[in-house]
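Observations on chain architecture
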Amino acid sequence: MSSVAFIGLGQMGAPMARNFLKQGHRLAVFDLNAEAVDALVQVGATASKNAAEAAQDAEFVITMLPNGDLVRETLLGENGVSQTLCKSALIIDMSTIHPLQTDHLIADLASRGFSMMDVPVGRTSDHAIAGTLLLLAGGTPQQVERARPLLMAMGSELIEAGGPGMGIRVKLINNYMSIALNALSAEAAVLCEALGLSFEVAMQVMSGTPAGKGHFTTSWPNKVLKGDLTPAFMIDLAHKDLGIALDVANQLHVPMPLGAASREVYNQARAAGRGRQDWSAILEQVRNSAGINHKN
Ligand code: NAD
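Remember, it's a predicted structure, so these values are computed and weren't measured experimentally.

Once that is clear, we can look at the UniProt feature "domain: 6-phosphogluconate dehydrogenase NADP-binding" (unreviewed entry) in the protein. Within this numbering scheme, the UniProt entry marks residues 4-159 as carrying the feature "domain: 6-phosphogluconate dehydrogenase NADP-binding" (unreviewed entry). Taken end to end, residues 4-159 is 40% helix and 22% strand, and its first and last C-alpha atoms sit 22 Å apart.

Once that is clear, we can look at the UniProt feature "active site" (unreviewed entry) in the protein. In the numbering used here, UniProt assigns the "active site" (unreviewed entry) feature to Lys171. In this fold, Lys171 is placed in helix α8 (residues 166-194).

A word on the pairing of strand β6 (residues 115-118). Moving residue by residue along a regular strand, the side chains alternate between the two faces of the sheet. As paired strands, strand β5 (residues 90-93) and β6 are joined by four bridges and run parallel to one another. Its bridge partner lying in β6, Ile92 is registered against Met117. Considered for its hand, the β-α-β crossover made up of β5, helix α5 (residues 99-111) and β6 is right-handed.

The strands that make up a sheet pair up through hydrogen bonds in the backbone, lying either parallel or antiparallel. The strand order across the open sheet built from three strands is β7-β8-β9, with neighbouring strands paired in mixed fashion. Both edges of this open sheet fall to β7 (121-122) and β9 (155-160), since each of them pairs with a single strand only. Relative to β9, strand β8 (residues 133-137) runs parallel, the two being bridged by five bridges. Of the residues in β9, the one forming a bridge with Leu136 is Ile159. This element, helix α7 (residues 141-151), spans β8 and β9 of the sheet and lies at about 165° to β9.

The environment of the ligand is formed by 22 residues, the closest being Gln11, Met12, Asp31, Leu65 and Thr96. Contact distances for the ligand include 3.4 Å between a nitrogen atom and a backbone N or O atom of Leu32. In the model, an oxygen atom of the ligand is placed 3.0 Å from a nitrogen or oxygen of the Thr96 main chain. Contact with the protein chains covers 75% of the free accessible surface of the ligand, which is 840 Å². Its residues assigned to classes, the shell around the ligand comprises 10 nonpolar, nine polar and three charged.

Here we take up the packing of aromatic side chains. What characterises a pair of aromatic rings is the spacing of the ring centres plus the angle enclosed by the ring planes. All chains considered together, the criterion is met by three aromatic pairs. Measuring from centroid to centroid gives 5.1 Å for Phe233 and Trp279, while their planes differ by 75°, and the two rings are edge-to-face. Of this pair, Phe233 sits in the loop between α10 (210-213) and α11 (235-251) while Trp279 sits in the loop between α12 (257-271) and α13 (282-289), and the two are 46 residues apart along the sequence. A relative accessible area of 26% means that Phe233 is categorised as partly exposed. Note on Trp279: relative accessible area 22%, which makes it partly exposed. Here Lys87 stacks its cationic end above the ring of Phe114, 5.2 Å away from the centre of that ring. A cation over a ring is seen here: Arg146 above Phe60, with NZ or CZ 5.3 Å from the ring centre.

Moving on: the environment of Gln11. Inspection of the secondary structure puts Gln11 in the loop between β1 (3-7) and α1 (13-22). Of the residues examined, Gln11 reaches a relative accessible area of 64% and is grouped as exposed. For the pair formed by Gln11 and Glu284, sequence separation is 273 residues and the distance between their alpha carbons is 40 Å. Within the structure, the side chain of Gln11 is placed 3.5 Å from the side chain of Ser125, a separation counted as a polar contact.

This part takes up the nonpolar core. Core analysis: the largest hydrophobic core is formed by 35 residues, its most contacted members being Phe6, Met16, Leu27, Ile92 and Met94. Only β1, α1, β2 (26-30), α2 (34-42), β4 (60-63), β5, β8 and α7 provide two or more residues apiece to this core. Excluding anything up to four places from it in sequence, Leu27 contacts Val4, Phe6, Ala17, Phe20, Leu21, Leu40, Ala45 and Thr46. Counting residues in each nonpolar core, the second largest holds 23 residues, with Ala55, Leu65, Val81 and Leu105 among its members.

Between its first and last C-alpha, α5 extends 18 Å over 13 residues, near the 18 Å set by a 1.5 Å rise per residue. Taken together, the buried positions of α5 are occupied by Pro99, Thr102, Leu105, Ile106 and Leu109. Taken down its axis, α5 places every buried residue within 115° of arc, on the same side. α5 presents His104 and Ser111 as exposed residues on the side facing more than 90 degrees away from its buried surface. Considering only its buried residues, α5 is in contact with α4 (68-76), β5, β6 and α8. Taken from the residues just after α5, Gly113 is the one with a positive phi, measuring 90°.

About the criteria used
Residues numbered from 1 in each chain as written. Predicted model: local features only at pLDDT ≥ 70, side-chain atom pairs only at ≥ 80, totals over all residues. Heavy atoms only, no water. UniProt positions renumbered as here; feature names shortened; annotations may be inferred. Helix = DSSP H or I, 4+ residues; strand = E, 2+ residues; numbered from the N terminus. Pairing = 2+ DSSP bridges. Right-handed = clockwise from strand over helix to strand, strands pointing away. Contact = heavy atoms within 4.5 Å. Axes fitted to C-alpha atoms, helices over the stretch in contact; angles between N-to-C directions. Near = heavy atom within 4 Å. Polar contact = N/O pair within 3.5 Å; in protein donor to acceptor, adjacent residues only side chain to side chain. Areas by Shrake-Rupley, 256 points an atom, 1.4 Å probe, with all protein chains shown as cover. Nonpolar A, V, L, I, M, F, W, Y, C, P; charged D, E, K, R; others polar. Phe/Tyr/Trp six-rings, centres within 6.5 Å; stacked < 30°, edge-to-face > 60°. Buried < 20%, exposed > 50% of the residue type's maximum accessible area, 1.4 Å probe, protein only. Lys NZ or Arg CZ within 6 Å of the ring centre and 35° of its normal. Core = buried A, V, L, I, M, F, W, Y, C linked by side-chain atoms within 4.5 Å. Expected span 1.5 Å × (residues − 1). Arc of directions from axis to C-beta.

Here it is, written out as structure tokens:
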């Protein structure tokens, strides 16, 4: 059994820490909120007066904090983890923070002889309670293998993201997609309501199409990702259909800011001569706009 320091006992961190205790690990905890600490002490954790004290006998230190500045302060600040931590220990930041802050932390800790990996989590506090989080592991293969048994106390699936700093990067992409899609989905849902169409029918249709399943796994793999831009569905036709939806929405006074912005991307693609290419060529168009050259 391992000796673990857990810092940040909020909505996510508290149930994650409880799952360590259930597996019999020795657990030292710290949080600014004394009630959160007391609740963990009730079930067998040891309270610490600061992060340095929590870390002093730890083989693993886990941080689950609101932002990168707090993670940095907790690890490198006054009364922080690096004041007491043994150099052979492994630091695992599971918070969602800015990837460049993760990179700086990994480098700054390494220059002081410490090892850190990033393992942000997917899913929600319900999954944290159930121990079924999605673990996005950024680290060297050695770090991942060392942490794996411990991490699996908190999650049901671990994805190796491809090296240090890549866990937080894949988390960022996942959140970008799902958060932006939430707003786009709301536009579609309100247009649905304005048209008097039932949600159930719309969901039945979209559950089998790229609208519901996303493009990474449906329209891209056999087209743009293979370098094939011959049209299964043309950019010109997609632009026309998007225009009809926006026109209908305008007549019904439904604002569609994300749909309107998307139409401009199709407009750019047509202006660049891609009108008769497959709609997955939108990926190539956005690559070009970003100045990223690719073979297609
Ligand atoms: P939370 O606000 O519920 O918990 C944060 C905890 O950190 C609090 O208990 C707070 O007292 C403590 N804290 C703040 N500063 C501290 C310091 N300097 N030292 C010690 N403790 C300190 O947040 P949460 O929902 O548990 O989220 C934690 C992290 O997990 C965030 O980075 C969040 O983005 C990420 N996350 C949250 C969810 C979710 O569904 N809530 C899902 C995935 C990832």
